[in-house]
Amino acid sequence: MLKKLKRYGFITYVSKTFRYVCLYVDAKNHHKLMNHLSQKSFIVKVKQSKIEELDLDFENQKNLMESLRVEAKDYNQTHEMR
């Protein structure tokens with residue numbers, strides 16, 4: 001079955017215990033491919049990733065980490081002088 005699935009995309013994970021596969025495909029034709037795969041007899045369920053819903057803007061976190069680093073450095077300098 002894995003050989004058949006390799007044709008459709010990149011297999012990133014296989015769970016033999018729970019019998020599922022994580023498969024990455026191109027975003028431009030994923031709806032067509034999801035319909036096609038769901039019609040195969042060896043596939044029970046096809047789910048789409050929720051990555052579009054995630055906040056992947058790390059610039060805000062980067063600024064926050066930099067300000068925390070500066071605060072920690074100032075704190076350490078003031079407490080080392082005692």
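Residues numbered from 1 in each chain as written. Predicted model: local features only at pLDDT ≥ 70, side-chain atom pairs only at ≥ 80, totals over all residues. Heavy atoms only, no water.

Quick word on the overall build of the chain
In plain terms, the rule: Only DSSP runs of H or I reaching four residues or more are called helices, and only runs of E reaching two or more are called strands; each is numbered from the N terminus. Radius of gyration here uses only the C-alpha atoms, and the compact-globule reference equals 2.2 Å multiplied by the residue count raised to the power 0.38.
Regarding its fold elements, the chain presents 3 helices and 2 strands. Counting from the amino terminus, helix and strand elements in the chain follow one another as α-β-β-α-α. Since a compact globule built from 82 residues should have a radius of gyration of about 12 Å, the 23 Å found for the chain marks it as more spread out than a globular shape. Projected onto its principal axes, the C-alpha positions of the chain cover 75 × 30 × 20 Å.

Quick look at the nonpolar core
This is how it is decided: Definition of nonpolar core: a set of buried residues of the types Ala, Val, Leu, Ile, Met, Phe, Trp, Tyr and Cys, connected through side-chain atoms within 4.5 Å. Remark: exposure states derive from per-residue accessible area (1.4 Å probe, protein chains only) relative to the maximum for the residue type, with buried under 20%, exposed over 50%, and partly exposed in between. We call two residues in contact whenever any of their non-hydrogen atoms come within 4.5 Å of each other.
Judged by nonpolar contacts, Leu 5, Tyr 8, Ile 11, Leu 33, Leu 37 and Ile 43 together constitute the single largest core of 6 residues. Once residues within four sequence positions are removed from consideration, Ile 11 is found in contact with Leu 2, Leu 5, Lys 6, Val 21, Cys 22 and Leu 23.

Considering the pairing of strand β1 (residues 10-15)
This is how it is decided: Two strands pair if DSSP finds at least two bridges between them.
Of the pairings in the sheet, the one linking β1 to strand β2 (residues 20-24) comprises 5 bridges and is antiparallel in character. Paired with Val 14 across the strands is Val 21, a residue of β2. Counted along the chain from β1 to the antiparallel partner β2, the turn is 4 residues long, and its residue Arg 19 has a positive phi close to 60 degrees.

A closer look at unusual backbone geometry
Backbone geometry at Arg 19 places phi at a positive 60 degrees, although glycine is not the residue there. Inspection of the secondary structure puts Arg 19 in the loop between β1 and β2. A residue is classified by how much of its surface remains accessible, and Arg 19, at 76% relative accessible area, is exposed.

Observations concerning a nonpolar patch on the surface
Formally: Here a patch means residues that are over 30% exposed by relative accessible area and free of salt bridges, tied together within 9 Å if like-charged and within 5 Å if nonpolar (Val, Leu, Ile, Met, Phe, Trp, Tyr). Accessibility throughout is a Shrake-Rupley quantity obtained with a 1.4 Å probe, and a residue counts as covered only by protein chains that appear here. For this document, the term salt bridge refers to a Lys or Arg side-chain nitrogen within 4 Å of an Asp or Glu carboxyl oxygen.
A surface patch of nonpolar side chains, about 430 Å² in accessible area, is lined by Ile 51, Leu 54, Leu 56 and Phe 58. Of note, Leu 54 is situated in the loop between α2 (30-38) and α3 (59-80). By relative accessible area, Leu 54 is classed as exposed at 54%.

Describing the packing of aromatic side chains
What counts is decided by this rule: We call Phe, Tyr and Trp rings a pair once their centres come within 6.5 Å, taking the six-membered ring for Trp, and we label the pair stacked below 30 degrees between planes, edge-to-face above 60, and tilted otherwise.
Within the structure shown, the criterion is met by 1 aromatic pair. Their ring planes at 45 degrees and their centres at 5.8 Å tell us that Tyr 13 and Tyr 20 sit as a pair that is tilted. With a relative accessible area of 43%, Tyr 13 lands in the partly exposed category. Tyr 20 gets classed as partly exposed once you look at its relative accessible area, which sits at 40%.

Function-wise, these values are silent; they only describe arrangement.
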